[in-house]
Amino acid sequence: MTTRTNMGSAPGADAAAGATRTGAHGEPASPVAVRVKAIESLLVAKGYVDPAAIDALLDTYENRIGPRNGARVVARAWTDPEFDRWLDRDATAAIASLGYTGRQGEHMVAVRNTPTVHNLVVCTLCSCYPWPVLGLPPVWYKSAPYRSKAVADPRGVLADFGIELPAGVEVRVWDSTAEIRYLVIPVRPAGTEGWSAEALAELVTRDAMIGTALVRLPGSEARMPAAKVGTSRQGAAR
């Protein structure tokens, strides 16, 4: 079924339509992206929306309410054993103690990577995601190929992201829902003993907290040591 929106001859309509025919790198934009951009352009043209306010909102979720928050949680877990244990007992409360709480982060569970276990997070139904600690979900996280392949072939997904796990590392897939959202606590890279929490946080990326990347020092390879074999899917059932 095709949905058509009639923008008529409203001021800015032609510019909005022209600006949304292609996406990044010239590929066709999705129908949803076209519609959102067109509406945004019309609201700006009519003076209902301030572009600076939109930019500020995006910056808030992409940067301030975003991966930097989660990186601080991870670094705190690496450097504070009591906080690390608190994450195991009640991740929601532990994370909230750092000021990171709110919509989409009410029910958090921390899952930790080890030399023998690697965790990967997906939302098979839609795009459930912990906004207070990771910001806005990336486009690929919401895509149908990622949502299906993460369950059917998690090692293939990791390979797509450049991660080669030894055959002995168990891969656990966690299915986020509206009730539970997961945060991966990556393995702390060797050679960071004595580092401050602030310095460690600089190493932690958004993808590492989803499970599609490893935290590593610049120049090191994305590999893990060999361990016992296993692949499993966990998390709440749909």
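In what follows, the structure referred to is the one given above.
Note on numbering: residues in each chain are counted from 1, in written sequence order. Predicted model: local features are reported for residues with pLDDT of at least 70 only, side-chain atom pairs are reported and counted for 80 or more only, and whole-chain, interface and lining totals are derived from all residues. Only hydrogens and water are removed before side-chain values are computed, so all heavy atoms of the structure are retained for them.

Novice: How should the packing of aromatic side chains be read in this particular structure?
Specialist: Ring pairs (aromatic) are described by centroid distance and by the angle formed between their planes. To pair, rings of Phe, Tyr and Trp, with the six-membered ring standing in for Trp, must have centres within 6.5 Å; the planes then decide the type, stacked if under 30 degrees apart, edge-to-face if over 60, and tilted in the middle. Scanning the entire structure with this criterion turns up 7 aromatic pairs. Note on F83 and W86: the rings are 6.4 Å apart at their centroids and 80 degrees apart in plane angle, and the pair reads as edge-to-face. One end of the pair is F83 and the other is W86, both in helix α5 (residues 81–89) and 3 residues apart, which spans about a single turn. Between W140 and Y146, the aromatic rings sit 5.0 Å apart at their centres with planes inclined by 75 degrees, giving edge-to-face as the arrangement. Assessed through its relative accessible area of 21%, W140 is described here as partly exposed. With a relative accessible area of 6%, Y146 lands in the buried category. In DSSP terms, a helix is any run of H or I states spanning at least four residues, a strand is any run of E spanning at least two, and both are numbered starting from the N terminus. Three labels apply to residues, based on accessible area from a 1.4 Å probe with only protein chains included: buried if under 20% of the type maximum, exposed if over 50%, partly exposed otherwise in between.

Novice: Help me out: how do you make sense of the packing of helix α4 (residues 67–79) against α5 in this one?
Specialist: When two helices pack together, their arrangement is given by the angle between the helix axes and the distance between those axes. Orientation is described by lines fitted to C-alpha atoms, with helices fitted over the stretch in contact, and by angles between N-to-C directions that extend from 0 to 180 degrees. It is the contact of α4 with α5, at a shortest axis distance of 5 Å, that shows an interaxial angle of 120 degrees. Classed by the angle they form, the pair α4 and α5 counts as oblique. When you trace α4 past α5, the crossing you get is left-handed. Judged by residue contacts, V73, R76, A77 and T79 of α4 engage P81, F83, D84 and L87 from α5. Lys, Arg, Asp and Glu make up the charged group, whereas Ala, Val, Leu, Ile, Met, Phe, Trp, Tyr, Cys and Pro make up the nonpolar group; the residues left over, Gly among them, are polar. The residue makeup of the contact of α4 with α5, split by class, is 5 nonpolar, 1 polar and 2 charged. With respect to orientation, any angle under 35 degrees is reported as roughly parallel, any angle over 145 as roughly antiparallel, any angle of 65 to 115 as roughly perpendicular, and every other angle as oblique. Take the far helix as the reference: if the near one is turned anticlockwise from it by less than a right angle, the crossing is left-handed, and if turned clockwise, right-handed. Residues count as neighbours in contact if any of their non-hydrogen atoms are within 4.5 Å of one another.

Novice: Teacher, can you tell me more about the pattern of salt bridges here?
Specialist: Where charged atoms of side chains with opposite charge meet at close range, the side chains can pair. One side-chain nitrogen of Lys or Arg within 4 Å of one carboxyl oxygen of Asp or Glu is enough to make a salt bridge. The tally for this structure, following the rule as stated, stands at 8 salt bridges. Two residues, E170 and R172, come together in a salt bridge whose shortest N-O distance is 3.2 Å. Among the residues examined, R172 registers a relative accessible area of 27% and is labelled partly exposed. Within the structure, one salt-bridge network assembled from shared partners comprises E82, R85 and R89.

Novice: Where do I start with the nonpolar core in this structure?
Specialist: Side chains of nonpolar character tend, in soluble globular proteins, to be buried together. Buried residues of nine kinds, namely Ala, Val, Leu, Ile, Met, Phe, Trp, Tyr and Cys, make up a nonpolar core once their side-chain atoms join them within 4.5 Å. Within the largest apolar cluster, 48 residues are counted, with the highest numbers of intra-cluster contacts made by V73, L87, I95, V133, Y146, L183 and I185. In terms of residues, this core owes the most to one element, α4, which gives 6 residues. Ignoring anything within four residues of it in the chain, the contact list for Y146 reads L120, V121, V122, W140, Y141, V157, F161, I210 and T212.

Novice: Is there a simple way to think about the environment of G99 in this case?
Specialist: Examined against the element boundaries, G99 turns out to sit in the loop between α6 (91–96) and β1 (108–112). Considered as a pair, G99 and V133 are 34 residues apart in the sequence and their alpha carbons are 10.0 Å apart.

Novice: Is there a simple way to think about the environment of S176 in this case?
Specialist: Here S176 shows up in the loop between β3 (170–175) and β4 (181–185). A sequence separation of 54 residues divides S176 from V122, and the C-alpha atoms of the two residues are 6.0 Å apart.

Novice: Even after reading the chapter, I still don't get the environment of L165, so can you show me in this structure?
Specialist: You can see L165 is positioned in the loop between α10 (154–160) and β3. Separated by 47 residues in the primary sequence, L165 and H118 place their C-alpha atoms 8.6 Å from one another.

Novice: I would appreciate a short explanation of the side chain of T92 in the present structure.
Specialist: Here T92 shows up in helix α6. A distance of 3.5 Å separates a polar side-chain atom of T92 from the backbone oxygen of E106. As used in this structure description, the phrase polar contact means that two N or O atoms lie within 3.5 Å; if the pair is within protein, one of them must be able to donate a hydrogen and the other to accept it, and residues adjacent in sequence are counted only when both atoms belong to side chains. Of the polar contacts made by the side chain of T92, one reaches the backbone nitrogen of M108; its length is 2.7 Å.

Novice: It is not clear to me how the side chain of R181 should be interpreted in this structure. Could you clarify?
Specialist: Relative to the assigned elements, R181 resides in strand β4. An unpaired buried charge is present at R181: no salt bridge exists, and E106, the closest side chain of opposite charge, is 4.7 Å distant. Beyond its immediate chain neighbours, meaning those up to four positions away, R181 contacts Q104, H107, M108, V109, C128, Y129, P130 and S176. In this tally, Lys and Arg are treated as positive and Asp and Glu as negative; His is ignored, and so are the chain termini.

Novice: Hey, could you run me through α4 in this one?
Specialist: Side chains three or four residues apart in an α-helix point the same way, a direct result of the helix having 3.6 residues per turn. To estimate how far a helix should reach, multiply one less than its number of residues by 1.5 Å. Taking 1.5 Å per residue, 13 residues should reach 18 Å; α4 reaches 18 Å between its end C-alpha atoms and fits that length. Looking only at α4, the buried set comprises P67, N69, G70, A71, V73, V74, A75, A77 and W78.

Novice: Please explain a nonpolar patch on the surface as it appears in this structure.
Specialist: Taken together, the side chains of I39, L43 and Y48 present a nonpolar region at the surface, about 310 Å² in accessible area. Within the secondary structure layout, L43 lies in helix α2 (residues 31–45). By relative accessible area, L43 is classed as partly exposed at 32%. Patches here: salt-bridge-free residues with over 30% relative accessible area, like charges joined within 9 Å, nonpolar side chains (Val, Leu, Ile, Met, Phe, Trp, Tyr) joined within 5 Å. Here the accessible surface of atoms and residues is derived via Shrake-Rupley with a 1.4 Å probe, and residues count as covered only by protein chains that are part of the display.

Coordinates in, geometry out; function isn't part of it.
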